Amino acid sequence: MPKTDLSGDDLRFILDLSKTKSLTITAANFGWSIPTASRALGRLRLVFDDECFTRSGNSMLATHRLERLLPKIAQALETLEDITTEPTYRPEAIRRHFVIEMVDNAVVALLLPVIGEIRSQAPNIGIAIEAPQGGTIERLRSGLIDLCFGYPVDDALPADVRSSPLFDSVHVCIVRKGHPLLDKLEEKRLAAETVAKADGREFGEAEREAVCLTHADLAAYRAVALSLPPWVGDRFIDVALRHSLPGNRPLIETPYFLSILFYVMESDSYGFLPRESAQYFAKYLPIEILPLASDELRPWHPQILWHSRSNADYELQWLRSTIVRHFQRVHGGTESVDIIR
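So, here's what we can say about the structure. (Residues numbered from 1 in each chain as written. Predicted model: local features only at pLDDT ≥ 70, side-chain atom pairs only at ≥ 80, totals over all residues. Heavy atoms only, no water.)

### Details of the overall build of the chain
Rules: A helix here means a DSSP run of H or I that spans at least four residues, while a strand means a run of E at least two residues long, and both kinds are numbered starting from the N terminus. Between two residues, a contact is recorded if the distance between any of their heavy atoms is within 4.5 Å. Only the protein chains shown count as cover for residues, with accessible areas throughout obtained via the Shrake-Rupley method and a probe of 1.4 Å.
Helix and strand content of the chain: 12 helices and 13 strands. Contacts spanning at least 24 positions in sequence make up 73% of the contacts within the chain whose residues lie at least 6 apart. Per element, the accessible surface of the chain, about 17,800 Å² overall, is 53% carbon and sulfur.

### Here's the deal with the packing of helix α2 (residues 23–30) against helix α3 (residues 34–48)
Relative placement of two packed helices is described by the angle separating their axes and the distance separating the axes. To keep things clear, this is the line we draw: Lines fitted to C-alpha atoms define the axes, with helix axes restricted to the stretch in contact, and inter-axis angles between N-to-C directions lie between 0 and 180 degrees. For classification, angles of less than 35 degrees are called roughly parallel, those exceeding 145 degrees roughly antiparallel, those between 65 and 115 degrees roughly perpendicular, and all remaining angles oblique. Any residue outside Ala, Val, Leu, Ile, Met, Phe, Trp, Tyr, Cys, Pro, Asp, Glu, Lys and Arg is labelled polar, Gly included; the first ten of those are nonpolar and the last four are charged.
Where α2 contacts α3, the two axes come as close as 9 Å, and the packing angle between them is 105 degrees. With respect to each other, α2 and α3 are oriented roughly perpendicular. Facing L23, T24 and A27 of α2, the residues of α3 in contact are I34, A37 and S38. Among the residues making up the contact of α2 with α3, the classes are represented as 4 nonpolar, 2 polar and no charged.

### Digging into helix α1 (residues 8–20)
The condition is simple: An expected span of 1.5 Å times one less than the residue number is assigned to each helix. Relative accessibility thresholds used throughout: buried, under 20% of the residue-type maximum; exposed, over 50%; partly exposed, between the two (1.4 Å probe, protein chains only).
Under the 1.5 Å per step criterion, the end-to-end length of α1 is 18 Å for 13 residues, consistent within 8% with the ideal 18 Å. Buried within α1 we find G8, D10, L11, F13, I14, L15, D16, L17 and S18. Positive phi shows up at K21, right after α1, with a value of about 60 degrees.

### Concerning the side chain of S269
Which entries qualify depends on this criterion: N or O atoms within 3.5 Å of each other form a polar contact, as long as, within protein, one can give a hydrogen and the other can take it, and as long as residues adjacent in sequence are counted only when both atoms are side-chain atoms.
Note on placement: S269 falls in the loop between α10 (259–265) and β10 (270–274). When its relative accessible area of 2% is taken as the criterion, S269 is described as buried. Among the polar contacts made by the side chain of S269, one reaches the side chain of S267 at a distance of 2.5 Å. Among all residues touching S269, those that are not within four sequence positions of it are V175, H179, R222, A223, V224, L251, Y263 and V264.

### Some remarks on the sheet that holds strand β3 (residues 97–101)
Definition in use: We treat two strands as partners when DSSP finds at least two bridges between them.
Across the sheet, which stays open at both edges, the 5 strands sit in the order β4-β3-β5-β13-β6 with mixed pairing between neighbours. Two strands in the sheet have a free side with no partner beyond their single neighbour: β4 (126–130) and β6 (161–165). Between one strand axis and the next, the sheet turns through 25 degrees on average, direction left out of account. Relative to strand β13 (residues 303–307), strand β5 (residues 147–149) runs antiparallel, the two being bridged by 2 bridges. Counterpart to F149 in the pairing with β13 is I304. Sitting on the sheet, helix α5 (residues 104–121) touches β4 and β5, and the angle it makes with β4 is about 175 degrees. Strand contacts of helix α12 (residues 314–330): β3, β5, β6 and β13, with the helix running at about 15 degrees to β5, the strand carrying the most contacts.

### Quick notes on the side chain of S310
By secondary structure assignment, the location of S310 is in the loop between β13 and α12. Here S310 is in contact with L316 and R320, once residues within four sequence places are set aside.

### A word on the packing of aromatic side chains
The condition that has to hold: Any pair of Phe, Tyr and Trp rings, taking the six-membered ring for Trp, is counted once the centres come within 6.5 Å. Such a pair is stacked with planes under 30 degrees apart, edge-to-face with planes over 60 apart, and tilted for the rest.
Under the defined criterion, the tally for this structure stands at 8 aromatic pairs. Here the aromatic rings of F167 and W300 are separated by 5.6 Å at their centres, their planes lie at 80 degrees, and the arrangement is edge-to-face. Residue F167 is found in the loop between β6 and β7 (169–176), and its partner W300 is found in strand β12 (residues 299–300); the two are separated by 133 residues along the sequence. No difference in accessibility class separates F167 from W300, as the two residues are buried. For the pair Y280 and F281, a centre-to-centre distance of 5.4 Å together with 80 degrees between the ring planes defines the contact as edge-to-face. Members of the aromatic cluster, each reached through a chain of ring pairs, are F13, F30 and W32.

### A look at the pattern of salt bridges
Defined as follows: By salt bridge we mean one thing: a side-chain nitrogen of Lys or Arg within 4 Å of a carboxyl oxygen of Asp or Glu.
One pass over the full model with this rule turns up 20 salt bridges. Residues E186 and R208 are paired through a salt bridge, measuring 2.7 Å at the closest nitrogen-oxygen approach. Within this pair, whereas E186 is found in helix α7 (residues 180–198), its partner R208 is found in helix α8 (residues 205–210), the two being separated by 22 residues in sequence. Close ionic contact of E276 with R275 constitutes a salt bridge, the shortest N to O distance being 3.5 Å.

This is how it looks when you write it as C-alpha cells:
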C-alpha cells in the first residue's frame, strides 16, 4: 500500500481519535460501527508503519511519532478542505451588478415578484436589465449577460447552455372595464343559469365562473397584437391563441408587451398578456381579464438560462437559485433543471 494513500476522512479520523482518546466515541462521531473504526485504524497503521495509537487503560493515546505528526496532519486537512470545498457566499456580502436579458413583460412577471426577496437578503447587489437584441446564446457565452429570462422554450438549447423552468402558465385575454365583451359574458352566464335552473341543477359561484367566451366571440373586435423580431421565433405570437387571430387584422402591432395595456384601455380592442402580468395590472388599472376556454389559450412556460461557464460563479449561483426557488414555492414545486449546476 502506498505511503500516501490517505483521504480526508483518514485525516479527520486521526485528529478526532487523538482528541476523544476513545475508538468507541470516534466511531460514533463518524457514524461507523466499532469494527469499521478498527479496520480504519488498522489500515492507517500500515500507511504510517506505526501503531499510531496505543491503549492505556480505557484510553487510546497517540504514539510519540504520531504526536509529532498531528500538527502537519491538521495543516494537511485544512489545505485539502480549502482546495475541495466550495466557498460559501453570504448574500449580504455580495456587491455586484448582474446583467439579465428580458423583455418588458418579464420585468413585471418574473423579476418583480422576486426582487424583494433578493433585496432583503443581498442589499448591496444591483441588476441591469437589457432588452433582447438577438444572439442571446452568444451573449451568454461571452459573459455580456449573466442570465436570460423567458427564452422561447421550444427552441433547442446547445449543450453548454443550462436552463431551469420557473412555472407553467398561459396567456390571458384582457379588455378595458366596461367593454362590450363583458356584457356578452354576462349574457352567457345568465343563459347558463336559466338552463341549470330548468334542469334542476345548482348554479353557484363555481358554475358561474366556469362560463367562458370563445374564439368566435372575439371575432367582432380587433386585437392589439404583439409582433416580435424574426430572431425571437414566431413573429406573431400576437394574441397568444392557439389558433389564428380571429376577425380582422390587428388594430395595433407592437413589440412591447406593456404597451398592449394602454391601447386596450383606450379602445374596444383586446389583447393578451401572460396571466401573472395581467393579474398584477388588473389590481391597479381599469382592465378586466376575460375567461376564455382553456384549450384556446397559448401556454407560457418561462424559464431562466445561463451559460455552464458560470457554474463556478457562486454569487450568480445564489441569484439564480433564489429566483428558481421563489417560483417553486409560489407555484407549487415546478421541477427545476440544474439550479446550481
